[in-house]
Amino acid sequence: MIGILKGMAVTLRHALDGETFTVEYPETAPEVSPRFRGVHKFSQERCIWCRQCENVCPNDTIQIVQDDKRNGEQYNLHIGQCIYCRLCEEVCPVDAILLTQNFEFTADTKNDFVYNKEQLKNVPWYKDIDPLNSRNPDRNAWIGEGEGEVDYQ
Amino acid sequence: MSLQAVLPDTISGLLGLEGILGDVVGGLVGAFLIANIMLIMTAFAGPWAKRKITAAFGDRIAVNRIGPFGLLTIVTDAVRLLSKELIVPEGVDRPAWDLAPMVIPFSALLGFAVIPMGNGIQLADPETGLAFAFAAASIASLGIVMTGYASNNKFSLIGALRAVASNIAYEIPLVVTAASVVIFAGSLRMSEIVAVQAEPLLSVAGVTIPTWFAFVNPFAFALFIIANLAEVGRNPFDIPEAPTEIVAGFQTEYSSVYFVLIYLGEFIHIFLGGAIAATLFLGGPAGPVLPGFVWFTIKIWAFFLFTQWARSAIPRLRVDQFLEIGWKGMLVLSFANLVLTAIIVGVIV
Amino acid sequence: MPTSKDNPVSQSAEPVFRTADWHEREAYDLVGIQYEDHPDLRRILLPDTWQGHPLGLDYDQDRPQIATLREHANPLEGDHRSAGDSNTMYINIGPHHPATHGVLHVETVVDGEQVVDLDSDIGYLHRCEEQMCQQGTYRHQIMPYPDRWDYISAGLLNEWAYARTAEDLADIEVPEYAQIIRTMGAELCRIASHMIALGTFALDVYGDFTAIFMYAMRDREIVQNILEDLTGQRMMFNYFRLGGVVWDLPEPREEFFEKIRDFIDELPQALEEYHDMITSNEILQARTVGTGVLPPEVAKSYGATGPVARGSGIDYDLRRDDSYGYYDELDWDVVVEDGCDNFSRLLVRMREVEESAKIIQQCVDLLEDWPEDERNIQANVPRTLKPEEDTEIYRAVEGAKGELGIYIRADGTDKPARFKIRSPCFSNLQTLPEMSEGEYIPDMIASLGSLDIVLGEVDR
């Protein structure tokens, strides 16, 4: 009986202290850490079409189409299929593909989740955080590690 | 003999009707009023208060999007539930399956007919009032058995059988404990039970404590509340529903309007349980300053709050343990209480 | 046990170890090995109508799977299973049931409310994880997947299983600093995972999404925030890399340490609250003490590991017995309870949270004082790993639910030829009939909750 009363006391204390841990989402945007990985942002200006991101992607989320002179034509990324592992950002030698902190994306059909390079370019920053900037100290830890020079194919 | 005029008489008196016509009109209007009061309370309790209370215990906010404090959720929930498709599973036993959702809420509403709610709000005041209230409340179990039997679903069947088992096991201690109150009061008539409790028990520093039976016999009150929790099927005795064990128990197959009716019925049942407890042990509508009806409302909401608190804080018993407590614990204790009360009353009076 | 390619038949080990039952069924199902004298060699993960054995080398992936509706088993057919015995009733508990923690289907025969016979039907969440890993490169592409086996925030523990296996396969030495970060992260994951195990177990016994579940989720939330700061994701971390971790601790480091310390400091109070809410509650004790009994010999025979084994008095913890990471340098204890019932499994988890907190505390102390120029988070690892042909390796770590082992056979390319996951939940779930037969349905549900299975890891 004492145990039951203890449990009732604990719940009552929580009910009366008025503290809540709910985040009222659309009104208060949740805090995300600088390392958070969200929707990709792609910069065609930076990209050198080395196709490393396409190769490293574990589940073929990235599709790159090149013409016969190996100039890039299309850069498609299925953000609904992506598992947000950040390997593409890791292998990119020129920071052309980034994972922003933006986690808010919707679509009516799953096909709408296939972003082309224009859509990827227009992905907004979340709260104006530039992830490259906030993760910058760590980036150097990856580049330059491993054997030999970065492979541009 | 009634201590004060019951509601139908008041209404027919106001309308200036007499004879059978007055009885019929007064009765209908009175019943309509009381049923609506209870339904409004249930509407507050079900979609809104329950969520808010549970959320408070779990450190959350709960509904707050629609209307002030999310109160309009009641409306949207009603629209949502009523506009859903009524799914009739294959092989259900049609008349019983359709009747059960009506039996459950209306049996609980029926019990309110004899409850004095203060300010002369009482539909009828028969000499066997208390027995009537218990009898009406138990019809709900018939409804539950109908749902379980007619649903053609094994989970429903288990839920219904559990409901029957719990009802038999806990109805007896409930009634026997109530009988000890009847010995004190010397009457089954609800208004007289309330009237007896109005007498002062003792006076401390100018504050008079009335002879509410909860003060006179706290042990019986505790027994009654526990048995009542089982009777209305709330934690730790919510075994007829037991969502993690048997999905939703007897109401597994119900959707849409039928589900709303069953859901309503459960909440009205909680309020009826609270109303009987308030009448028997807490002086009914009695209370200082505020009018009787307000006190009555506070008391039944307090019981509702208690059920929700228990739901948050107390684990569910297993069905065999539950029955063991009922038959070996509650039954013995309630009879002991009855005998003791009878001896004490016999010696004093 | 090697068998010939032409005639893959082996002798069943089921009479020796009961755990072989499901494991051999799995091998039969996926690879196509026949076992002699196996009592019940059926498919376990794939549907009964599946044609071919997908991990077998002769499997034609392009051949369509055609099965008419009539061929599929009718879930209601079991209705008539006990026709001769009119006292029993057949119930499908799951795959959609509030208490199965996912899509588990328990075919139950009950006598009144007592469970007479019970058979778990798994495979609803089979996502071909083994094959996906076989198609990924060692260096990068496998690491994101372990997060998705036991997806209830035990990600780092799972990643470590793969990291350990692949590092031993390729002879990679992990820097000490990275090992400490790994240890700390893994224990944070263990706390998060045990919190939800605790919350959902209480949920199974309480019956509603009630207070204790919310409190456990709230405390898990804090852990998740810390892990998000560390790894960048809340559940699918992908934080480990072969030879270390991907990121150093987040800057500013003091703030990060402060966050962890705050959590560790408040943990005893939270646990006190849990003890008030659950373990000292008489009703919960009545529900859990002496129910779902799993004697140590049975647990061993079924290959149960983790908190389930330790709740049955088996003193077995890979962190100590096959030490990896930084565990052997730290001061902590293996939690063992002798009750063998649901209650002791619950207690083991609660006490393990305390032990994990102790480990994290020591890791934070070590990391704080680590010299700045020796913060080496990753060893030098070649960009492509090509282990020699026909090298085999099995390594296991202590996951949140038990021994999570990985077997890899290399074929000289940069992808594994065979990637086998020994999932703790898979073995633990096998014990459910032992624990529940003869008990009441509510106890069966409680036992299932106390096993703390994650269907993602059972079905893979």
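- For chain B, the name recorded in an unreviewed UniProt entry is NADH dehydrogenase-like complex subunit H, with Haloferax prahovense as its organism.
- Word for word, the UniProt comment on chain B under Subcellular location (unreviewed entry) is "Membrane".

1. As for the environment of Thr279(B)
Residue and element names in this part refer to chain B.
Inference 1: Checked against the element boundaries, Thr279 lands in helix α11 (residues 256-281).
Inference 2: Judged by relative accessible area, Thr279 falls into the buried class, the value being 0%.
Inference 3: Through-space distance from the C-alpha of Thr279 to that of Gln197 is 9.3 Å; in sequence the pair is 82 residues apart.
Inference 4: Thr279 has contacts with Ile115, Pro116, Met190, Ile193, Val194, Gln197 and Gly284, leaving out every residue within four places of it along the chain.
Inference 5: Among the polar contacts listed, one links the side chain of Thr279 to the backbone oxygen of Ala275, at a separation of 2.6 Å.

2. Concerning helix α3 (residues 155-170) of chain C
Residue and element names in this part refer to chain C.
Inference 1: Its 16 residues place the ends of α3 22 Å apart at the C-alpha level, agreeing with the 22 Å of an ideal helix rising 1.5 Å per residue.
Inference 2: Taken across its 16 residues, α3 has 14 buried, putting it largely inside the fold.
Inference 3: The positive-phi residue at the C-terminal boundary of α3 is Asp171, with phi of around 55°.

3. Describing the domain arrangement of chain C
Residue and element names in this part refer to chain C.
Inference 1: Taken as a whole, chain C is organised into domain 1 (1-73) and domain 2 (137-426).
Inference 2: Each of domain 1 and domain 2 has a C-alpha centre, and the two are 31 Å apart.
Inference 3: Each side of the interface is counted separately: domain 1 has 9 residues, and domain 2 has 6 residues.
Inference 4: Contact between domain 1 and domain 2 buries roughly 800 Å² in total, counting both sides, with carbon and sulfur atoms accounting for 58%.
Inference 5: At the junction of domain 1 with domain 2, the criterion picks out 1 salt bridge.
Inference 6: Residue Glu26 is joined to Lys420 by a salt bridge in which the shortest nitrogen-to-oxygen separation is 3.6 Å.
Inference 7: Within the side of domain 1 that touches domain 2, the residues separate by chemical class into 5 nonpolar, 2 polar and 2 charged.

4. Remarks on the UniProt feature "transmembrane region" (unreviewed entry) in chain B
Residue and element names in this part refer to chain B.
Inference 1: Mapped onto this numbering, the UniProt entry gives "transmembrane region" (unreviewed entry) at residues 24-49, 99-118, 130-150, 170-188, 200-227, 257-282, 289-310 and 330-348.
Inference 2: Overall, residues 130-150 shows 100% helix and 0% strand. The separation of its end C-alpha atoms is 31 Å.
Inference 3: Summarising residues 257-282: 96% helix, 0% strand, and an end-to-end C-alpha distance of 35 Å.

5. A few points about the pairing of strand β3 (residues 88-93) of chain C
Residues and elements named next belong to chain C.
Inference 1: Counting buried residues in β3 gives 5 out of 6 residues, a clear majority hidden from the surface.
Inference 2: Here β3 runs beside strand β4 (residues 105-111); their pairing, made up of 6 bridges, is antiparallel. The residue of β4 that forms the bridge with Asn92 is Glu107.

6. Some thoughts on the nonpolar core
Across soluble globular proteins, nonpolar side chains show a tendency to be buried alongside one another.
All names here are of chain C.
Inference 1: Membership of the largest hydrophobic core comes to 91 residues, with the highest contact counts inside it found for Tyr162, Met184, Tyr239, Leu249, Tyr274, Ile278 and Phe419.
Inference 2: If you list the elements that add at least two residues to this core, you get α3, α4 (176-206), α5 (211-231), α6 (253-279), α11 (342-368), β8 (392-398), β9 (403-410) and β10 (416-422).
Inference 3: At 15 residues, α4 tops the list of elements feeding residues into this core.
Inference 4: Ignoring sequence-local partners within four residues, the contact set of Tyr162 consists of Tyr138, Ile142, Met143, Pro146, Leu242, Ile406, Ile408 and Phe419.

7. Here's the deal with the interface of chain C and chain B
Inference 1: Contacts between the two partners involve 34 residues from chain C and, on the opposite side, 28 residues from chain B.
Inference 2: Buried area between chain C and chain B, both sides added, is near 2,600 Å², and the carbon and sulfur share of it is 59%.
Inference 3: Viewed at the interface, chain B and chain C are joined by 3 salt bridges.
Inference 4: Across the salt bridge formed by Asp443(C) and Arg318(B), the nearest N and O atoms sit 2.6 Å from each other.
Inference 5: On the surface where chain C and chain B come into contact, there are 8 residue pairs in polar contact (both at pLDDT 80 or more).
Inference 6: At the level of elements, β3, α4, α5, α7 (282-288) and α14 (441-451) of chain C are the ones that each hand at least two residues to the side of chain C that touches chain B.
Inference 7: With 5 residues, β3(C) is the single largest residue contributor to the side of chain C that touches chain B.
Inference 8: Across the side of chain C that touches chain B, the residue classes break down as 21 nonpolar, 6 polar and 7 charged.

8. Some remarks on the packing of helix α9 (residues 218-231) of chain B against helix α12 (residues 292-313) of chain B
Residue and element names in this part refer to chain B.
Inference 1: Close contact between α9 and α12 brings their axes to 11 Å; oriented N to C, the two are set at 70°. With respect to α12, the element α9 is oriented roughly perpendicular. Between α9 and α12, the contacting residues are Ile225, Asn228 and Leu229 on the first element and Phe303, Phe306 and Thr307 on the second.

9. Some words on the interface of chain A and chain C
Inference 1: Between chain A and chain C, the residue contacts involve 38 residues of the former and 39 residues of the latter.
Inference 2: For the pairing of chain A and chain C, the buried interface totals around 3,300 Å² over both sides, and the portion due to carbon and sulfur atoms is 52%.
Inference 3: The shortest N-O distance in the salt bridge between Lys6(A) and Asp276(C) comes to 3.8 Å.
Inference 4: Connecting chain A to chain C are 15 residue pairs in polar contact (both at pLDDT 80 or more).
Inference 5: Sorting the residues of the side of chain A that touches chain C by element identifies α1 (2-17), α2 (52-56), α3 (87-91) and α5 (131-142) of chain A as the ones contributing at least two each.
Inference 6: Residue contributions to the side of chain A that touches chain C peak at 9 residues, all from α1(A).
Inference 7: The class makeup of the residues in the side of chain A that touches chain C is 17 nonpolar, 9 polar and 12 charged.

10. Focus: a nonpolar patch on the surface
Inference 1: A contiguous nonpolar patch, built from Val339(B), Leu340(B), Ile343(B), Ile344(B), Val347(B) and Ile348(B) and spanning about 620 Å² of accessible area, is present on the exposed surface.
Inference 2: Looking at the secondary structure, you find Ile344(B) in helix α13 (residues 319-348).

11. What about a negative patch on the surface?
Inference 1: Among the surface-exposed residues, Glu251(C), Glu254(C), Glu255(C), Glu258(C), Asp262(C), Asp265(C), Glu266(C), Glu372(C), Asp373(C) and Glu374(C) lie close enough to one another that they form a single negatively charged patch.
Inference 2: Here Glu372(C) lies in the loop between α11 and β8.

12. Considerations on the sheet that holds β9(C)
Residues and elements named next belong to chain C.
Inference 1: The strand order β8-β9-β10 describes an open sheet built from 3 strands, whose pairing is antiparallel. Two strands close off the open sheet at either side, each with one partner strand: β8 and β10. Each neighbouring strand pair of the sheet contributes to a mean axis angle of 15°, computed without reference to strand direction.
Inference 2: In this structure, β8 lies alongside β9, joined through 7 bridges in antiparallel fashion. By the bridge assignment, Ala396 is partnered in β9 with Gly405.

Cut-offs applied
- Residues numbered from 1 in each chain as written.
- Chains lettered and ligands numbered in written order.
- Predicted model: local features only at pLDDT ≥ 70, side-chain atom pairs only at ≥ 80, totals over all residues.
- Heavy atoms only, no water.
- UniProt positions renumbered as here; feature names shortened; annotations may be inferred.
- Helix = DSSP H or I, 4+ residues; strand = E, 2+ residues; numbered from the N terminus.
- Buried < 20%, exposed > 50% of the residue type's maximum accessible area, 1.4 Å probe, protein only.
- Contact = heavy atoms within 4.5 Å.
- Polar contact = N/O pair within 3.5 Å; in protein donor to acceptor, adjacent residues only side chain to side chain.
- Expected span 1.5 Å × (residues − 1).
- Domains from an automatic or database assignment.
- Buried area = accessible area lost by both parts, 1.4 Å probe.
- Salt bridge = Lys/Arg side-chain N within 4 Å of Asp/Glu carboxyl O.
- Nonpolar A, V, L, I, M, F, W, Y, C, P; charged D, E, K, R; others polar.
- Pairing = 2+ DSSP bridges.
- Core = buried A, V, L, I, M, F, W, Y, C linked by side-chain atoms within 4.5 Å.
- Axes fitted to C-alpha atoms, helices over the stretch in contact; angles between N-to-C directions.
- Parallel < 35°, antiparallel > 145°, perpendicular 65-115°, else oblique.
- Patch = residues over 30% accessible without salt bridge, like charges linked within 9 Å, V, L, I, M, F, W, Y side chains within 5 Å.
- Areas by Shrake-Rupley, 256 points an atom, 1.4 Å probe, with all protein chains shown as cover.
- Lys, Arg positive; Asp, Glu negative; His and termini not counted.
- Charge placed at Lys NZ, Arg CZ, Asp CG, Glu CD.

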